[in-house]
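Here is how the chains run, residue by residue.
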Amino acid sequence: MPLLNIQSVSKSFTDPAGAALQVVNQLSMEMQEGESLVISGPSGCGKSTLLNLIAGIVQADSGSVHIGDTDIQSLSESARDSFRGKHIGYIFQNHNLLQGMSAADNVRIGGFFSGQAIEDAAIEQALEQVGLKDFKDYLPTQLSLGQQQRVAIARALIHKPKLILADEPSSSLDAEHAQACIGLLLELAAEQKAAVLMVSHDERVFDQVGQVKAYGELNQEVVS
Ligand SMILES: Nc1ncnc2c1ncn2[C@@H]1O[C@H](COP(=O)(O)OP(=O)(O)OP(=O)(O)O)[C@@H](O)[C@H]1O
Ligand SMILES: [Mg+2]
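As the structure is a prediction and not an experimental result, all values here were calculated from the model.

Quick question: what am I supposed to make of the site of ligand 1 here?
Residues in close proximity to ligand 1 total 13 residues, the closest being Ser-43, Gly-44, Lys-47, Thr-49 and Gln-93. One nitrogen or oxygen atom from the side chain of Gln-93 is found 2.8 Å from an oxygen atom belonging to ligand 1. At the level of secondary structure, the elements contributing two or more residues to the shell around ligand 1 comprise strand S1 (4-14), strand S2 (20-31) and helix H1 (47-54). Counting residues per element, the shell around ligand 1 draws most heavily on H1, at three residues.

Structure follows, in structure tokens:
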């Protein structure tokens, strides 16, 4: 059974003039456990929407998204939140750190949503792995954008998810940190046989991950 199985998923939004904007059109794709893939494509083409559909944050108009044998789109909102917390690690495009919480507590939250109590030592190790050993007590507003992105990476990996969704995970990072963080992400994913679905325009990431597809190359009906 594939780890991720998307069948004919469609999603349209309503634009400010009230017209329908078809963003995802009958898209189908599969990923196996242990597989890594980067999707690239022009701004606004629907990449983040696709990740949000997979995470059950956005509801599809039609079609199914199975993660293992769970159809995440058919779950209630609370069941989707709980499933996502347990099985998915999501590095959001805008990092989405909780503003009132320290770097360490933001990482801890990743464990909390998965129902696991994470030891302080594991949180410190996770922060150290992304180069933030000395920043555990810093609030997001006291961190640079790249440091916030690294906290978000640590948070997404702390509960050892089966599926990692990473939306431009190196967008705020210099070459050295990008290579280290993407390397860490791929290494932890390999240990857990997790699948990694990344969105990126970063050629350094293409080289590290290996498998790259253009959004327009994914199996979906062409929007006319
Ligand atoms: N909640 C929403 N309501 C209305 N339109 C939306 C909504 N979310 C996204 N869209 C539209 O869907 C389209 C795709 O957005 P999405 O965020 O998926 O693009 P993207 O490929 O991730 O772009 P980028 O590379 O800039 O992050 C855009 O045209 C956007 O205006
Ligand atoms: Mg996006």
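Don't stop here, the text continues.
Hey, could you run me through the pattern of salt bridges in this one?
A side chain with one charge may pair with a side chain of the opposite charge, provided their charged atoms come close. Counted according to the given criterion, the structure contains seven salt bridges. Its salt-bridge partner being Asp-81, residue Arg-84 comes within 3.1 Å of it at the nearest N-O pair. Of this pair, Arg-84 and Asp-81 both sit in helix H2 (residues 77-87), three residues apart, roughly one helical turn. One salt bridge connects Asp-137 with Lys-136, and the closest N-O pair in it is separated by 3.9 Å. Residue classification places Lys-136 among the partly exposed residues on the basis of a relative accessible area of 28%. Because the salt bridges share partners, they merge into one network encompassing Asp-105, Arg-108 and Asp-120.

Quick question: what am I supposed to make of H1 here?
Since the α-helix turns once every 3.6 residues, residues separated by three or four places project in the same direction. Taking burial as the measure, the eight residues of H1 include seven buried ones, the bulk of the element. Buried within H1 we find Lys-47, Thr-49, Leu-50, Leu-51, Asn-52, Leu-53 and Ile-54. After H1 finishes, the residue Gly-56 shows a positive phi value of roughly 75°.

Sorry if this is basic, but what is going on with the packing of aromatic side chains here?
A ring pair, where both rings are aromatic, is described by two values, the distance of the centres and the angle of the planes. Applying the stated criterion to the full structure yields three aromatic pairs. Considering the side-chain rings of Phe-135 and Tyr-138, the 4.7 Å spacing of their centres and the 55° angle between planes classify their relative orientation as tilted.

Any chance you could explain the coordination of the magnesium ion (ligand 2) here in plain terms?
Tetrahedral coordination by four donors sets the ideal angle at the metal to 109.5 degrees; octahedral coordination by six donors sets it to 90 or 180 degrees. Ligation of the magnesium ion (ligand 2) by protein atoms is provided by Ser-48 (OG) and Gln-93 (OE1), these donors lying 2.0 to 2.2 Å from the ion. One end of the pair, Ser-48, is in helix H1; the other, Gln-93, is in the loop between strand S6 (88-91) and helix H3 (103-112), with 45 residues separating them in the sequence.

Teacher, can you tell me more about the sheet that holds S6 here?
Hydrogen bonds between backbone groups are what pair the strands of a sheet, and the pairing can be parallel or antiparallel. Across the sheet, which stays open at both edges, the five strands sit in the order S6-S7-S8-S3-S9 with parallel pairing between neighbours. Either end of the sheet is taken by a strand with one partner, and the two such strands are S6 and strand S9 (212-214). Averaged over all adjacent pairs, the angle separating strand axes in this sheet is 15°, with direction ignored. Bridge count between strand S3 (residues 36-40) and S9: three bridges; the pairing is parallel. If you follow Ile-39 over to S9, its bridge partner there is Lys-213. Relative to S6, H2 is tilted by about 85°, and along the sheet it contacts S6 and strand S7 (163-167). Strand contacts of helix H5 (residues 145-157): S6 and S7, with the helix running at about 170° to S6, the strand carrying the most contacts.

Teacher, can you tell me more about the nonpolar core here?
Counting residues in each nonpolar core, the largest one holds 37 residues, and the members touching the most others are Val-107, Leu-127, Val-151 and Met-198. Breaking this core down by element, the ones donating at least two residues are H3, helix H4 (120-129), H5, S7, helix H6 (175-192), strand S8 (195-199) and helix H7 (203-209). Formed by 33 residues, the second largest nonpolar core is a distinct cluster that contains Ile-54, Val-58, Ala-60 and Ile-88.

Honestly, unusual backbone geometry in this entry has me stumped. Any pointers?
Negative phi is the rule for most residues except glycine; trans is the rule for most peptide bonds. Non-glycine residue Asn-96 carries a positive phi angle of around 55°. Structurally, Asn-96 can be placed in the loop between S6 and H3. Asn-96 sits in the partly exposed class, given a relative accessible area of 36%. Even without being glycine, Lys-160 reaches a positive phi, approximately 50°. Here Lys-160 shows up in the loop between H5 and S7.

What exactly am I supposed to notice about the environment of Tyr-138 here?
By the element assignment, Tyr-138 lies in the loop between H4 and H5. Along the chain, Tyr-138 and Gln-148 lie 10 residues apart, while their C-alpha atoms are 10.0 Å from each other. Every residue in contact with Tyr-138, bar those within four places of it in the chain, is listed here: Met-101, Ser-102, Ala-103 and Leu-143.

Basis of the calculations
Residues numbered from 1 in each chain as written. Chains lettered and ligands numbered in written order. Predicted model: local features only at pLDDT ≥ 70, side-chain atom pairs only at ≥ 80, totals over all residues. Heavy atoms only, no water. Near = heavy atom within 4 Å. Polar contact = N/O pair within 3.5 Å; in protein donor to acceptor, adjacent residues only side chain to side chain. Helix = DSSP H or I, 4+ residues; strand = E, 2+ residues; numbered from the N terminus. Salt bridge = Lys/Arg side-chain N within 4 Å of Asp/Glu carboxyl O. Buried < 20%, exposed > 50% of the residue type's maximum accessible area, 1.4 Å probe, protein only. Phe/Tyr/Trp six-rings, centres within 6.5 Å; stacked < 30°, edge-to-face > 60°. Donors = N, O, S within 2.8 Å, 3.2 Å for Na, K, Ca; no water. Pairing = 2+ DSSP bridges. Axes fitted to C-alpha atoms, helices over the stretch in contact; angles between N-to-C directions. Contact = heavy atoms within 4.5 Å. Core = buried A, V, L, I, M, F, W, Y, C linked by side-chain atoms within 4.5 Å.

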